[in-house]
Amino acid sequence: MNRKLKLASRIIAVILFCFSSFSVSAQKSVKPYLWPVEGKKSGQDIISSPQSYINKELNFDELFIKVKLGTNILCPANGVVEDVSVCYRKSLSSMIGFKSNKSFSSSIEEIKKDKESKYNTKFNPKYINGSIMIKVGKGVRIYISGITGNRKYKTGQKLKRGEILGQSIYAYKEIKEPHILVSISKYTKPSDPMTPFGLKTSFIPAKARKQLKYLTYNQAKEDINVYVNSFKEIYPDYYELIKEEKLDSLRNKVLADLKKLKKIKLIDFTRKLNRLLAACHDTHIYKIDDNKYNDKLIYQPSIFFGLYKDTLKVTMALDKKLEGRIVKEINGCDINKFKKIVDNSVRGYDAKVKSYKDYVLKTIGFVYLDIPPYGNNKYDYNVKFANGETKLIKGYIYKRGKSKSLYANYKKYHYLNYNDGKRYNTKILNDSTAYLALSDFTQTEVELEEIGKFVQEIEKTKKHLIIDVRNNNGGNIEAITKIYSYIAKDSIKINSYSKIMNQYTYQSFKYCLNFKTVEGMYSDYHYVGDKGLILENPVNYAPDSLIHFSGKVYVLTNEQSISAATLLPALIVRSSRGVSVGRETKTAYHYMKAGRFAQIQLPNTKIVTVIPMEKGVFDDVVNERVPYGRGVLPDYPVELTQDELMFTNGDAILNKALDLIKEGKYLKKNYFKDANKSSKDLPLGKLLVGAFILLLVGIELYKNKKKRRK
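All of these numbers come straight from a predicted model, not from anything done at the bench.

## Considerations on the overall build of the chain
Phase 1: A tally of regular secondary structure across the chain gives 14 helices and 36 strands.
Phase 2: Within the chain, the fraction of its 710 residues that count as buried is 53%.
Phase 3: Contacts in the chain between residues at least 24 apart in sequence constitute 74% of all its contacts with a sequence separation of at least 6.
Phase 4: Within the structure as shown, the chain displays about 34,200 Å² of accessible surface, and the carbon and sulfur contribution to it stands at 52%.

Printed below as a string of structure tokens:
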């Protein structure tokens, strides 16, 4: 018996040893990041870590590391360059960034010479430094600042662990000795910068704020007033969307509706705020709402409706017998009321754009009819058909993976130009036609070079190029400018400018998370006639000196071509370089309200409303081809149908473009004959109005990660 026990104990010991060895090896396989200072061990010479103070400023999520001047700074892990900039940190939560297209040392010297006078900001030149953002894992990014050096980077460039990034200088003006700054984010949120280096951490994640279950009327009133007053003060030319008296009247109506409620739930407040957002509709106005409404059950509709040529009909239903039937009323709403509900509720489109509203009217099912008093969130519809029959059609409880969703029938349509999550895709469609799909405009420099090679290759063999910007949410001006240069025939000068409402400060900034003042940010702006406070910036778009496609260009657009995705088709139309096929873009042709954004946090609900501070005017030419306030209208329109939404006959807009190519149809008329003239007085590569500021603020936004951490 003892022998058996000894044998058993030995077996157990061997198993435990193997398991512990496996655990140790598994732990060792996850290497800590390499300490970024050459010749130093992890944790050496930390000046400030999270939860310590630099003077009176709390350091929430960053490591400041002392280094000798000129020490090599190393890449902590294998990764990809996502952004490179030169910056000047004004505080721990605010910085000025300048896009770097040269080496750090060259860029720093240029900035030292002219940026102080140009931007009316007093720099201590010693603290202008290089900064690099490296993606090192899924959603994980490392930021290192305080670098100089002669190395030039490209976004999209691969880096290896231990590779020299540059040499150390200074990162922050409040620290007198040479140093670098290191921080880490995960899915854009501040993350622990110490544990990944194998250090005991002092990082404390932000605590979730306590939620309000109900609001008093006075709390709701205060939040509504803060939003409306901020919008009127900050948003440039808001009267282009809504007259002041109409906005004030709507505010009073919203407050009157809230006052009738005995208890104001968060969802009730949010619905009323959405009504105001719909009246102030813009592709760049939105809200960030972390409130949870604790709906235990998820409901979906068992019937969809669509309004086609003033006929309301059932487009899809779980009960197939209902499909195609003509509808007279839904929950007591006839067609006119139905149109009014949508007109008052749709948000997130620009100016006088019509295509997106048309899309909503043809795909009704999930939105607008689930809001009291027109319906409920269980999607129960009392439907009156044209023959007089009335039928209650109830929604159903949706169980993921088990229930059928009618919305899934539109999946192919909504995933058009998705490209399996890639930023772009290229294809050869036939002997004469190539295809370039752009899911967004965030391509890295490496990817832009790849697109350039593709264009170079097809120039030899293809007569037609189809460029797809459908379902594209926009991105960087740089990417658009570069891609357009590959197809441009001649230089084109466009009289662009940017407009703001104030050069100094806004009363609303009392509630602003990301700015306290605008003083010094807009020193170049001046009053010009009836245009207001503007910065003139005429732009010369020119062909690339090496890469050029000389064939015919067809650009595909739809009601989900947004923001910067409107600019490329706008350039193609404006220069008469090609034709647009499909539907009106969601963003206006002449202008977009973008650039910098004020993040106004409502004091009680803590909902953050994002309001544009700048109006970027792309073009001042108005004619029958580009009527003011509309999106980029197609040369060859494709009306949205249920067949297209269901993908019954494939890709309707792409098929239309292929038919046009087959039939030899192209440009009809040059509407810009007098406007399209080459210009030699502008430097090659000068960016669109406000582009520098757009890039600057993009850098500031990713660096200023403390906006909501408390």
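And the narrative resumes.
## Considerations on the packing of helix H6 (residues 335–345) against helix H7 (residues 355–362)
Phase 1: Two elements in contact, H6 and H7, have axes whose closest approach is 10 Å; the angle formed by their N-to-C orientations is 130 degrees. Judged by the angle between their axes, H6 and H7 are oblique. By crossing handedness, the relation of H6 to H7 is classed as right-handed. Each of Phe-338, Lys-339, Val-342 and Asp-343 in H6 lies in contact with H7, whose residues at this interface are Lys-357, Val-360 and Leu-361.
Phase 2: Among the residues forming the contact of H6 with H7, the class breakdown is 4 nonpolar, no polar and 3 charged.

## Overview of the side chain of Asn-274
Phase 1: In this fold, Asn-274 is placed in helix H5 (residues 266–279).
Phase 2: Since its relative accessible area comes to 16%, Asn-274 is described here as buried.
Phase 3: The contacts of Asn-274, once residues within four sequence positions are left out, are Lys-287 and Arg-347.

## Topic: the pairing of strand S32 (residues 552–557)
Phase 1: Burial runs high along S32: 5 of the 6 residues are buried.
Phase 2: Sheet topology note: the strand S26 (residues 464–468)/S32 ladder contains 5 bridges and is parallel. Note on S32: the bridge partner recorded for Asp-468 is Leu-556.
Phase 3: Assessed by its sense of winding, the connection that carries the chain from S32 through helix H11 (residues 564–574) to strand S33 (residues 579–582) is right-handed.

## Quick notes on helix H9 (residues 445–461)
Phase 1: End to end, H9 covers 25 Å across 17 residues, agreeing with the expected 24 Å (1.5 Å per residue, within 8%).
Phase 2: Every buried residue of H9 is listed here: Glu-447, Leu-448, Ile-451, Gly-452, Phe-454, Val-455 and Ile-458. Viewed end-on, H9 has its buried residues packed into an arc of 160 degrees, placing them on one side of the element. What points out from H9, more than 90 degrees from its buried face, is the exposed set Lys-453, Glu-457 and Lys-460.
Phase 3: Taken together, the buried residues of H9 touch strand S24 (424–428), strand S25 (433–438), S26 and helix H10 (477–487).

## As for unusual backbone geometry
Phase 1: In this structure, Asn-55 takes a positive phi of about 55 degrees despite not being glycine.
Phase 2: Along the chain, Asn-55 falls in the loop between strand S2 (52–54) and strand S3 (57–59).
Phase 3: Under the relative-accessibility criterion, Asn-55 is labelled exposed at 59%.
Phase 4: Non-glycine residue Lys-606 carries a positive phi angle of around 65 degrees.

## What about H11?
Phase 1: Most of H11 sits out of view: 11 of its 11 residues are buried.
Phase 2: Looking only at H11, the buried set comprises Ala-564, Ala-565, Thr-566, Leu-567, Leu-568, Pro-569, Ala-570, Leu-571, Ile-572, Val-573 and Arg-574.
Phase 3: A positive phi of about 55 degrees marks Ser-576, the residue just after H11.

## Let's talk about the packing of aromatic side chains
Phase 1: Applying the stated criterion across every chain, the model contains 21 aromatic pairs.
Phase 2: Between the aromatic rings of Tyr-522 and Tyr-525, the centroid separation amounts to 5.1 Å while the plane-to-plane angle is 85 degrees, which identifies the pairing as edge-to-face.
Phase 3: Consider the rings of Tyr-554 and Tyr-666, whose centres lie 5.3 Å apart with planes at 55 degrees: the pair is tilted. Placement of Tyr-554 in strand S32 and of Tyr-666 in the loop between helix H13 (652–663) and helix H14 (691–703) is noted, with a sequence separation of 112 residues between them. With respect to burial, Tyr-554 and Tyr-666 carry one shared label: buried.

## Details of the sheet that holds strand S21 (residues 381–385)
Phase 1: On the basis of which strands lie adjacent, the open sheet formed by 3 strands has the order S20-S21-S22 and antiparallel pairing. Of all the strands in the sheet, just strand S20 (327–330) and strand S22 (390–393) have a single pairing partner and so form its edges. Taking each pair of neighbouring strands and ignoring which way they run, the sheet shows an average axis angle of 25 degrees.

## Focus on the packing of helix H4 (residues 244–259) against H5
Phase 1: The geometry of H4 relative to H5 is characterised by a closest axis approach of 10 Å and an angle of 170 degrees between their N-to-C directions. Between H4 and H5, the crossing angle belongs to the class labelled roughly antiparallel. On the side of H4, the interface is formed by Leu-247, Leu-250, Arg-251, Val-254, Asp-257 and Leu-258, while H5 contributes Asp-268, Phe-269, Lys-272, Arg-275, Leu-276 and Ala-279.
Phase 2: Among the residues making up the contact of H4 with H5, the classes are represented as 7 nonpolar, no polar and 5 charged.

## Digging into the environment of Val-314
Phase 1: Of note, Val-314 is situated in strand S19 (residues 311–317).
Phase 2: When near neighbours in sequence (up to four residues on either side) are disregarded, Val-314 contacts Ile-303, Phe-304, Phe-305, Leu-322, Glu-323, Gly-324, Arg-325, Val-327 and Phe-385.

## Considering the confidence of the model for the chain
Phase 1: Taken as a whole, the chain shows an average pLDDT of 88; of its residues, 88% reach a score of 70 or greater.
Phase 2: Low pLDDT, under 50, characterises residues 1–29; the predicted model gives this stretch 0 contacts beyond four residues in sequence or across chains.
Phase 3: Taken together, the stretch residues 678–710 has pLDDT below 50 and engages in 99 contacts with residues farther than four places along the chain or on a different chain.

## Let's talk about the sheet that holds S33
Phase 1: The sheet built from 6 strands is open, its strands ordered S24-S25-S26-S32-S33-S36 with mixed pairing. The two strands at the open ends of the sheet, each matched to only one other strand, are S24 and strand S36 (636–637).
Phase 2: Relative to S36, S33 is paired through 2 bridges, and the arrangement is parallel. Looking across to S36, one finds that Gly-582 is bridged to Pro-637.

## Notes on the pattern of salt bridges
Phase 1: The final tally for this structure, using the stated rule, is 36 salt bridges.
Phase 2: The partner of Lys-112 in a salt bridge is Glu-109, and the shortest N-O contact between them spans 3.6 Å. In this pair, Lys-112 and Glu-109 are both assigned in helix H2 (residues 104–119), 3 residues apart and thus about one turn of the helix distant.
Phase 3: Residues Asp-257 and Lys-253 are paired through a salt bridge, measuring 2.9 Å at the closest nitrogen-oxygen approach. One end of the pair, Asp-257, and the other, Lys-253, are both in helix H4, 4 residues apart, so they sit about a helical turn from each other.
Phase 4: The class of Asp-257 is buried, set by a relative accessible area of 17%.
Phase 5: Residues participating in the shared-partner salt-bridge network are Asp-237, Glu-240, Lys-499, Lys-593 and Lys-615.

## Side note on the pairing of strand S9 (residues 140–148)
Phase 1: Within S9, 9 of the 9 residues are buried, which leaves the element mostly enclosed by the surrounding structure.
Phase 2: Here strand S8 (residues 129–137) pairs with S9 via 7 bridges, running antiparallel. Bridging from a neighbouring strand, Ile-132 pairs with Ile-144 of S9.
Phase 3: Where S8 folds back onto S9 in an antiparallel hairpin, the turn is made up of 2 residues, including Gly-139, whose phi is positive at roughly 75 degrees.
Phase 4: Bridge analysis of S9 against strand S12 (residues 179–186) gives 6 bridges, and the strand direction is antiparallel. Across the sheet, the residue bridging to Arg-141 is Ser-185, located in S12.
Phase 5: In the sheet, S9 pairs with strand S11 (residues 164–168) via 2 bridges, with the strands oriented antiparallel. Each residue of the ladder has a partner; that of Ile-147, found in S11, is Ser-168.

What counts, and at which threshold
- Residues numbered from 1 in each chain as written.
- Predicted model: local features only at pLDDT ≥ 70, side-chain atom pairs only at ≥ 80, totals over all residues.
- Heavy atoms only, no water.
- Helix = DSSP H or I, 4+ residues; strand = E, 2+ residues; numbered from the N terminus.
- Buried < 20%, exposed > 50% of the residue type's maximum accessible area, 1.4 Å probe, protein only.
- Contact = heavy atoms within 4.5 Å.
- Areas by Shrake-Rupley, 256 points an atom, 1.4 Å probe, with all protein chains shown as cover.
- Axes fitted to C-alpha atoms, helices over the stretch in contact; angles between N-to-C directions.
- Parallel < 35°, antiparallel > 145°, perpendicular 65-115°, else oblique.
- Left-handed = near helix turned anticlockwise from the far one by under 90°.
- Nonpolar A, V, L, I, M, F, W, Y, C, P; charged D, E, K, R; others polar.
- Pairing = 2+ DSSP bridges.
- Right-handed = clockwise from strand over helix to strand, strands pointing away.
- Expected span 1.5 Å × (residues − 1).
- Arc of directions from axis to C-beta.
- Phe/Tyr/Trp six-rings, centres within 6.5 Å; stacked < 30°, edge-to-face > 60°.
- pLDDT = per-residue confidence, 0-100.
- Salt bridge = Lys/Arg side-chain N within 4 Å of Asp/Glu carboxyl O.

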